[in-house]
Amino acid sequence: MPSLKALKTRIASVKNTRKITKAMQMVAAAKLRRAQEAAEAARPYAERMTAVMSSLATGIGQTESAPKLLAGNGKNQVHLLVVMTSERGLCGGFNSTIVRLARVKAAELLAAGKTVKILTVGKKGREQLRRDYSAHFVGHVDMGDVKRVGYANAQGIAREVLAAFEAGECDVVTIFYNRFQSVISQIPTALQVIPAKFEGGAANALYDYEPSEEAILADLLPRGVATQIFTALLENGASEQGARMSAMDNATRNAGDMINKLTIQYNRSRQAAITKELIEIISGAEAL
Amino acid sequence: MAGSVQFDLVSPERRLASVQASEVQIPGAMGDLTAMEGHAPTITTLRPGILRVVSADGTRAYVVTGGFAEISATGVSVLAERAVPVDELTSAALDALVADACEAAAVNPDKDSADKAVADLNAMRAAVAL
């Protein structure tokens, strides 16, 4: 049985922890709202982009002149995995779920005899992958100083990925991120960006193309990659804050429970001490 | 005034404009074009330049770089990698754009197109006259 004093300090320290987790939860809630707004604002661009690209791609995707970004470079040997995680911890299972998905995929590819390269975005994923896959690391993008994810960040990553593809250093590029569904549910997602995949783009109205369809598609595909990465970054940002918010909410609730339990224990032992003293006095008096 | 078209200007980060416009002047890669109601459906890539929108409440100009415009009979949507209203544009921002383009031109294997982008930007710079 801990002493009364020990219990008292314990209660005080848990109360402090609760204050911190509560504050973090509120900060995460505010950041989540901003992240969601950013994701919302980026949606029209991404949607239009995909719509136009898929209608172009279905038109010329099957021909031999199709750009490499669309059709692939005919090989399927070297896979580049872009693993997007957060810079900070204390966000529940957010990073672990992405890393787990990436790990499964990497193991699968390695078992199939493919070469795996890993580009990490965000420090936490790198730390988790270091033990098993550090030999596969080809680069790291540090997002530590980035306050608000901008398109420029996505462009930077896209440039790196495209350069690697063009130089023949990788054949297939997949990005891993958490898709934001709600505060309590984020879905780890693997998205193949090169070669680009489009789901049955409906060939809509006939357009005049200026310059040619091929030229437009060749111009758009690198932008498409950047857009997909940008969307992923934003979704990831919203997911991170959502995950942190629910993790901190849980922590706050747990701290509350713990305080209750400790307070009961504290009161009980205080009462026990009083009772003990009384018994001592009474039995002392009776002995006289 | 002729009928109007629904005009949308979106950049990756936000939607800059969504108005009913009577005409939209677009800096296309193959030359400038003006889209009005009933224009033939067209998709064109953009060159760095100035996009003008004429609507009921006046003309607005935006500096756009990279991206494409999709014109249909009833609407024009411009997806620009970067888009800034001309009145919010500063000389420093333009310089940054030109510097970016020069940097890209230095590593771009396709010398012609890279030089063209820089030239386009410089022309635009002169046109905005800051």
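A. Layout of the confidence of the model for chain B. In the predicted model, chain B carries a mean pLDDT of 81, and 87% of its residues have values of at least 70. Averaged over each element, pLDDT in chain B is lowest for helix H2 (residues 111-128) of chain B (70) and highest for strand S1 (residues 5-10) of chain B (90).

B. Seen up close, the interface of chain B and chain A. In this assembly, 26 residues from chain B lie in contact with 22 residues from chain A. For the pairing of chain B and chain A, the buried interface totals around 2,200 Å² over both sides, and the portion due to carbon and sulfur atoms is 61%. By the criterion of area lost to chain A, the three top residues of chain B are Pro-12, Ile-43 and Glu-81 of chain B, representing 30% of everything that side buries. Our count for the chain B to chain A interface comes out at one salt bridge. Measuring nitrogen to oxygen at the nearest pair gives 2.9 Å for the salt bridge that ties Glu-81 of chain B to Arg-223 of chain A. Looking at the side of chain B that touches chain A, the elements with two or more residues in it are S1, strand S4 (42-45), strand S6 (58-71) and strand S7 (75-85) of chain B. The element best represented in the side of chain B that touches chain A is S6 of chain B, accounting for five residues. Per-class residue counts for the side of chain B that touches chain A are twelve nonpolar, eight polar and six charged. Here strand S6 (residues 208-210) of chain A runs beside S4 of chain B; their pairing, made up of three bridges, is parallel. Paired with Glu-210 of chain A across the two strands is Thr-44 of chain B, which belongs to S4 of chain B.

C. Broad picture of helix H4 (residues 123-133) of chain A. Residue and element names in this part refer to chain A. Among the residues of H4, those classed as buried are Gly-125, Leu-129 and Tyr-133. Burial along H4 is one-sided: seen end-on, the buried residues are contained in an arc of 30 degrees. Contact partners of the buried residues in H4: strand S1 (78-84), helix H3 (94-111), strand S2 (115-121) and strand S3 (137-141).

D. Spatial organisation of the pairing of S3 of chain A. All names here are of chain A. Sheet analysis places S2 next to S3, joined by four bridges and oriented parallel. Following the sheet pairing, Val-121 is matched in S3 by Val-141. For the crossover that starts at S2, traverses H4 and ends in the parallel S3, the hand is right-handed.

E. Region of the structure containing H3 of chain A. Residues and elements named next belong to chain A. Between its first and last C-alpha atoms H3 spans 26 Å; for 18 residues at 1.5 Å apiece the expected length is 26 Å, and the two agree. Taken together, the buried positions of H3 are Phe-94, Asn-95, Ile-98, Val-99, Ala-102, Ala-106 and Leu-109. For H3, the arc enclosing every buried residue in end-on projection is 95 degrees, short of the 170-degree limit, so these residues lie on one face. Those residues of H3 that are exposed and angled more than 90 degrees off the buried face are Arg-100, Glu-108 and Ala-111. Residues of H3 that are buried make contact with S1, S2, H4, strand S4 (172-182) and helix H6 (213-287). After H3 finishes, the residue Gly-113 shows a positive phi value of roughly 80 degrees.

Definitions and cut-offs
- Residues numbered from 1 in each chain as written.
- Chains lettered and ligands numbered in written order.
- Predicted model: local features only at pLDDT ≥ 70, side-chain atom pairs only at ≥ 80, totals over all residues.
- Heavy atoms only, no water.
- pLDDT = per-residue confidence, 0-100.
- Helix = DSSP H or I, 4+ residues; strand = E, 2+ residues; numbered from the N terminus.
- Contact = heavy atoms within 4.5 Å.
- Buried area = accessible area lost by both parts, 1.4 Å probe.
- Salt bridge = Lys/Arg side-chain N within 4 Å of Asp/Glu carboxyl O.
- Nonpolar A, V, L, I, M, F, W, Y, C, P; charged D, E, K, R; others polar.
- Pairing = 2+ DSSP bridges.
- Buried < 20%, exposed > 50% of the residue type's maximum accessible area, 1.4 Å probe, protein only.
- Arc of directions from axis to C-beta.
- Right-handed = clockwise from strand over helix to strand, strands pointing away.
- Expected span 1.5 Å × (residues − 1).

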